[in-house]
Amino acid sequence: MKLNEKYVSNMLYEAFPAARFAKTNPEYYPLIRGERFIPVAPASGRLAYHDIFWPCVSNRGVVREAAKYIGAWFDEHPDDYSFSLGMNDVIRHCHCADCIAMDRDPHAIERDDLADRTCAFINAVARQLKKTHPDRYLGFLMYRHLYKAPAKVAKLEDNVFGYITCEAASWWGKDGARLEAADKEMTKAWTRICALPVSRYEYIGLATFTPVFYPHAMDRQIKFDQEMGM
């Protein structure tokens, strides 16, 4: 199997090209500062990094179209077993009242805390996918917008798996026991709601000019992850 972006990055925006939905369903796009953000792709067909978005996830039509797009992807790529709803560094999210209502609280989006709406949306798409492709999976990154596990979603569907990418043993030395304890609590919270084993997406030497080696912290993290069933 050839690894590509569909496994690890946010590719959901590709399911909602402006050429197809901008005129017929502008409500599929995120509401930002009172207006729907309609993406304009360059001649290459690929959106610029700062224009990558997540759609209005509270819209039932978005759930339906996302499931349809992902199902078609699997039909066209029979050797692929998963599709990523990863989110990563997306900065354009919907501010409509229905999306805000999906969040942990009315101010969650201001804190970049979007785990509740994201997990609710992923579950909705996963349930649709089970009907058409019961042997395939959806993956996502527990990262940035999804550092905290959701408060309103009790369990993720059993065809959804996640990778923790927020912080790691490499950061523990910067703030000692406090950050290590916080990371472990975050990990415990995610493992409680995931039906499938959680994985960790580790960074080694991120944002450094020289190699970083932290065997004692890695040892503690690996043992802790093993205890969590990761």
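Up top you'll find the structure we're talking about.
Residues numbered from 1 in each chain as written. Predicted model: local features only at pLDDT ≥ 70, side-chain atom pairs only at ≥ 80, totals over all residues. Heavy atoms only, no water.

Caption draft 1: Local environment of the side chain of Thr191. Looking at where Thr191 falls in the secondary structure, it is placed in helix H5 (residues 169-193). When sequence neighbours within four positions are dropped, the list of residues in contact with Thr191 reads Val198, Met228 and Met230. (Helix = DSSP H or I, 4+ residues; strand = E, 2+ residues; numbered from the N terminus. Contact = heavy atoms within 4.5 Å.)

Caption draft 2: How the structure looks around the state of the cysteines. For the coordinates displayed, the defined rule picks out zero disulfides. Among the cysteines around Cys94, which has no disulfide bond, Cys96 carries the closest sulfur, lying 3.6 Å off. Relative accessible area serves as the criterion here: at 8%, Cys96 is assigned to the buried category. (Disulfide = S-S within 2.5 Å. Buried < 20%, exposed > 50% of the residue type's maximum accessible area, 1.4 Å probe, protein only.)

Caption draft 3: Examining the environment of Val160 more closely. Take Val160: it is sitting in strand E5 (residues 160-164). Residues Val160 and Ser82, spaced 78 residues apart in sequence, show a C-alpha to C-alpha distance of 9.1 Å. Dropping the residues within four chain positions of it, Val160 is found in contact with Ile122, Ala126, Leu138, Phe140 and Leu196.

Caption draft 4: A look at helix H6 (residues 215-227). Here H6 is 13 residues long and its end C-alpha atoms lie 18 Å apart, about the 18 Å a rise of 1.5 Å per residue gives. Ala217, Gln221, Phe224 and Asp225 are the residues of H6 that are buried. Along the axis of H6, the buried residues cluster in a sector spanning 100°; they form a single face. Opposite the packed face of H6, turned more than 90 degrees from it, sit the exposed residues His216, Ile222, Gln226 and Glu227. Immediately downstream of H6, the backbone of Gly229 shows phi near 80°, a positive value. (Expected span 1.5 Å × (residues − 1). Arc of directions from axis to C-beta.)

Caption draft 5: Spatial organisation of unusual backbone geometry. Located in the positive-phi region is Asp112, a residue other than glycine, with phi close to 65°. Structurally, the position occupied by Asp112 is in the loop between helix H3 (97-102) and helix H4 (115-132). Positioned with a positive phi, Arg144 is a non-glycine residue whose angle comes to about 55°. Looking at the secondary structure, you find Arg144 in the loop between strand E4 (137-142) and E5. For Arg144, a relative accessible area of 36% translates into the label partly exposed.

Caption draft 6: How the structure looks around the pattern of salt bridges. Scanning the entire structure with this criterion turns up 17 salt bridges. One salt bridge in this structure joins Arg20 and Glu65, with 3.7 Å as the shortest N-O distance. A residue pair is termed long-range when its members are at least 10 positions apart, and Arg20 in helix H1 (residues 18-21) and Glu65 in helix H2 (residues 60-76) qualify at 45 residues. With a closest N to O distance of 2.8 Å, Asp113 and Arg104 form a salt bridge. (Salt bridge = Lys/Arg side-chain N within 4 Å of Asp/Glu carboxyl O.)

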